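Commentary on secondary and tertiary structure
Here are the chains, one letter per residue:
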Amino acid sequence: MKLTPDQNQKIYFASDFHLGVPDKASSRTREEKIVRWLDKCKKDAYAIFLVGDLFDFWFEYKSTVPKGFTRFLGKLSEITDSGIKLVVFTGNHDLWMFGYLEEEVGAKVIYDPIQLQLNNTKVFIGHGDGLGPGDKGYKVLKKVFRNGFFQWVFRWVHPNIGISVANFWSGASRAQANDNEKQFLGDDEWLWAFSKEMEEQEHHDYYIFGHRHLPLDLSVGSNSKYINLGEWLNYCTYAVYNEGKIELKTFEA
């Protein structure tokens, strides 16, 4: 994907909003904060990239989508109606997007990492799940989740049951991973390791991922960087591209 913003235009990146958890009240507060951030972006944005796990669970049935998030979805529609490009990556919690955000919101939905050319700046970007060494169990599970047959079977489960089961599973998996999410793992940071391996094969100025939940800005070789966008339950971090540079920032610190 190639984008050519003007000098006074910026490109924004954020991920891991996890709307829906841990409860309705705190999710609503977070949703309102995200809407305020999007209003800020709208003032000078050429494009906005939302890099996965926007929802803690999202599955599109033929004529049904999960209840809620109307302020967020309405703001996204307002943004695309104004002419700003909106790109949404699926994450491991919301990979079951089948056209609703494209048809109703006007977003471009992407399911796998891509190369992104921003004028002269080369970026490799994706949610980050299933990349790098380790996590073999999830890599197998991801293939199951993306399998058309299993998606067809899940559609036959009543939404009240299917969404309840998925929310329970999502909460259990987050509780199990919570301690590691807050600790910097050094050389064991798998997306940093993946970025280094990619850089040996082909140069990118930046590697941008979500999924890790820890805001990170690390060197990859002598002239490349790995940026993890963090999450919005604790950090409220995002990245912004302006005139060839991408910087990690905090909203309403």
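Presented here is an overview of the structure given in this document. (Residues numbered from 1 in each chain as written. Predicted model: local features only at pLDDT ≥ 70, side-chain atom pairs only at ≥ 80, totals over all residues. Heavy atoms only, no water.)

1. What to know about the overall build of the protein
Within the protein, the secondary structure is distributed over 7 helices and 12 strands. A burial count over the protein gives 50% of its 253 residues as buried. For the protein, the share of sequence-separated contacts (at least 6 apart) that also reach a separation of at least 24 residues comes to 66%. Carbon together with sulfur atoms contributes 51% to the accessible area of the protein, which is approximately 12,400 Å² in total. (Helix = DSSP H or I, 4+ residues; strand = E, 2+ residues; numbered from the N terminus. Buried < 20%, exposed > 50% of the residue type's maximum accessible area, 1.4 Å probe, protein only. Contact = heavy atoms within 4.5 Å. Areas by Shrake-Rupley, 256 points an atom, 1.4 Å probe, with all protein chains shown as cover.)

2. Structural notes on the pattern of salt bridges
Scanning the entire structure with this criterion turns up 10 salt bridges. Measuring nitrogen to oxygen at the nearest pair gives 2.5 Å for the salt bridge that ties Glu 202 to Lys 122. One end of the pair, Glu 202, is in the loop between helix H7 (190-201) and strand E8 (206-209); the other, Lys 122, is in strand E7 (residues 121-126), with 80 residues separating them in the sequence. Judged by its relative accessible area of 32%, Glu 202 falls in the partly exposed class. The partner of Lys 225 in a salt bridge is Asp 217, and the shortest N-O contact between them spans 3.5 Å. With relative accessibility at 36%, the residue Asp 217 sits in the partly exposed group. Each of Asp 39, Lys 42, Lys 75 and Glu 78 takes part in salt bridges that share partners, so that together they form one network. (Salt bridge = Lys/Arg side-chain N within 4 Å of Asp/Glu carboxyl O.)

3. Let's talk about the sheet that holds strand E6 (residues 114-118)
Ordered by their spatial adjacency, 6 strands build an open sheet running E1-E6-E7-E8-E10-E9, and the pairing between neighbours is mixed. Where the open sheet ends on each side, the last strands, each with one partner, are strand E1 (2-3) and strand E9 (216-219). Contacts from H7 reach E7, E8, E9 and strand E10 (225-228), with the element oriented near 145 degrees to E8. (Pairing = 2+ DSSP bridges. Axes fitted to C-alpha atoms, helices over the stretch in contact; angles between N-to-C directions.)

4. Focus: the sheet that holds strand E2 (residues 10-14)
Here 6 strands make up an open sheet; going across it, the order is E5-E4-E3-E2-E11-E12 and the pairing mixed. In this open sheet, the two strands that pair with only one neighbour each are strand E5 (108-110) and strand E12 (245-250). Taking each pair of neighbouring strands and ignoring which way they run, the sheet shows an average axis angle of 20 degrees. Where strand E11 (residues 237-242) meets E12, 6 bridges bridge the pair, whose relative direction is antiparallel. Looking across to E12, one finds that Thr 237 is bridged to Thr 250.

5. Examining the pairing of E8
Burial along E8 is two-sided: Tyr 206 and Ile 208 facing one way and Tyr 207 and Phe 209 facing the other are all buried. In the sheet, E7 pairs with E8 via 4 bridges, with the strands oriented parallel. When the sheet's bridge partners are listed, Gly 126 is paired in E8 with Phe 209. As paired strands, E8 and E10 are joined by 4 bridges and run parallel to one another. Bridging from a neighbouring strand, Tyr 206 pairs with Lys 225 of E10.

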